[in-house]
Every structure is written in C-alpha cells, then in structure tokens.
Amino acid sequence: MIPTILVVDDVEDVIPLFNQMFKTELKNKLFEFVFKLSSIEVIDYIKSVPTGTISLVMSDIKMPDKDGIELLQDLKKESNIPVFLFSAYDEEVNRRAAQTFAADKFFTKPINFAELREEILKIIPSKQ
C-alpha cells in the first residue's frame, strides 16, 4: 500500500503545485496525495478509508468553512495521524495555536518545499 498524504486547502492551485514539487516521490510511489478543498469533509473521508491509509494530513489554517486549527483539534480527537499546518500569515497566534493543539509541524507560506520534503520523509521513510 502506498502511503497517502491528505492535503487540505481551499485554493485549488495547490494541487498542481504539490504534484509538481513532489513529482519524483509520486513517480517512485513513495507516497500519493489526496486533495480536499474543504476541511468539513476530512473527518468523514478519513473514517471512510481503511485504518492506516492516511499517513499524514497537511492543512492550511485559513479556510472559509472550518479553519485548520479546528480541523487539527478534530483530528487529534479522532486519530493519531500526524498533522502539518500551513499559514500565509506568520502570526504568533497561529504558531501558538498549532503548538497548543499538537500540530506536528507548522509552515509559513510560501512553503519551503525542501524543508517540507525533509519533514514528510521523517514520517514516511523512503523505500530505498
């Protein structure tokens, strides 16, 4: 089974960006992405797939329905899946909330993809 990373962001532009930035890993089947444009559907989606399917959730904080901090709280209640949060705003309040609710990593946009890759591979080790 290929590890799945669930990416949650209301901006569709992240889909081609992530697919491009991780094309080598995707081609080599180190992991695959599933994209959700709404945080509301995430918990139901995770419950609908076999346990262990989702290896990591990466979510934007600022979203129109349920923000990433609320999603983080829900995920930590429901599972032990690691969660990375992203924010375009390097506000101390976002960092503190991410830390308070046990986000595994916090990234400021624009994302440093080399650092993100390194952190992903700590959770999803290479098959090499």
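What counts, and at which threshold
- Residues numbered from 1 in each chain as written.
- Predicted model: local features only at pLDDT ≥ 70, side-chain atom pairs only at ≥ 80, totals over all residues.
- Heavy atoms only, no water.
- Buried < 20%, exposed > 50% of the residue type's maximum accessible area, 1.4 Å probe, protein only.
- Helix = DSSP H or I, 4+ residues; strand = E, 2+ residues; numbered from the N terminus.
- Contact = heavy atoms within 4.5 Å.
- Salt bridge = Lys/Arg side-chain N within 4 Å of Asp/Glu carboxyl O.
- Pairing = 2+ DSSP bridges.
- Axes fitted to C-alpha atoms, helices over the stretch in contact; angles between N-to-C directions.
- Phe/Tyr/Trp six-rings, centres within 6.5 Å; stacked < 30°, edge-to-face > 60°.
- Core = buried A, V, L, I, M, F, W, Y, C linked by side-chain atoms within 4.5 Å.

S.K.: Describe helix H4 (residues 68-78), with residues and values.
M.R.: Within H4, burial applies to Gly68, Ile69, Leu71, Leu72, Asp74 and Leu75. Close packing links the buried residues of H4 with strand E1 (4-8), helix H3 (42-48), strand E3 (54-60), strand E4 (83-87) and helix H5 (92-100).

S.K.: Break down the pattern of salt bridges for me, citing the residues and quoting the values.
M.R.: By the definition in use, this model includes eleven salt bridges. One salt bridge in this structure joins Lys109 and Asp9, with 2.9 Å as the shortest N-O distance. Highlighted residues: Lys109 in the loop between strand E5 (105-108) and helix H6 (113-123) and Asp9 in the loop between E1 and helix H1 (14-21), separated in sequence by 100 residues. Residues Lys36 and Glu41 are paired through a salt bridge, measuring 3.6 Å at the closest nitrogen-oxygen approach. When salt bridges with common partners are traced through the structure, they connect Lys105, Glu115, Glu119 and Lys122 into a single cluster.

S.K.: Hey, could you go over the sheet that holds E1 for me, with residue numbers and the actual values?
M.R.: Pairing in this open sheet of five strands is parallel, and the strands run E2-E1-E3-E4-E5 from one edge to the other. Two strands bound the open sheet, and with one partner strand each, they are strand E2 (32-36) and E5. Strand after strand, the sheet turns through a mean of 20° between neighbouring axes, direction not considered. In the packing of H1 onto the sheet, contacts are made with E1, E2, E3 and E4, and the angle to E2 comes to roughly 170°.

S.K.: Report on the environment of Glu12, specifying residues and quantitative values.
M.R.: The topology assignment puts Glu12 in the loop between E1 and H1. Classification of Glu12 by relative accessible area gives exposed; the value is 54%.

S.K.: Outline the packing of aromatic side chains, listing residues and values.
M.R.: One pass over the full model with this rule turns up eleven aromatic pairs. An angle of 85° between the planes, with centres 5.7 Å apart, marks the rings of Phe18 and Phe33 as edge-to-face. Separated by 15 residues along the polypeptide, Phe18 in helix H1 and Phe33 in strand E2 bring together distant segments of the chain. Each ring, one from Phe22 and one from Phe33, has its centre 5.6 Å from the other, and the planes form 70°; the classification is edge-to-face.

S.K.: Any chance you could break down the nonpolar core for me, citing the residues and the numbers?
M.R.: Core analysis: the largest hydrophobic core is formed by 23 residues, its most contacted members being Leu6, Ile46, Ile54, Val57, Leu75 and Leu85. Where this core is concerned, the elements lending two or more residues are E1, H3, E3, H4, E4 and H5. With residues up to four places along the chain from it excluded, the contact list for Leu6 reads Val34, Lys36, Val42, Tyr45, Ile46, Ile54, Leu56, Val57 and Met58.

S.K.: Got a sec to walk through the pairing of E1? Specific residues and values, please.
M.R.: Regular strands have side chains that alternate between both faces of the sheet. Here E1 lies mainly inside the structure; five of its five residues are buried. Because side chains alternate across E1, one face comprises the buried residues Thr4, Leu6 and Val8, and the other comprises Ile5 and Val7, equally buried. Across five bridges, the pairing between E1 and E2 is parallel. Following the sheet pairing, Thr4 is matched in E2 by Glu32. Across five bridges, the pairing between E1 and E3 is parallel. Its bridge partner lying in E3, Val8 is registered against Ser59.

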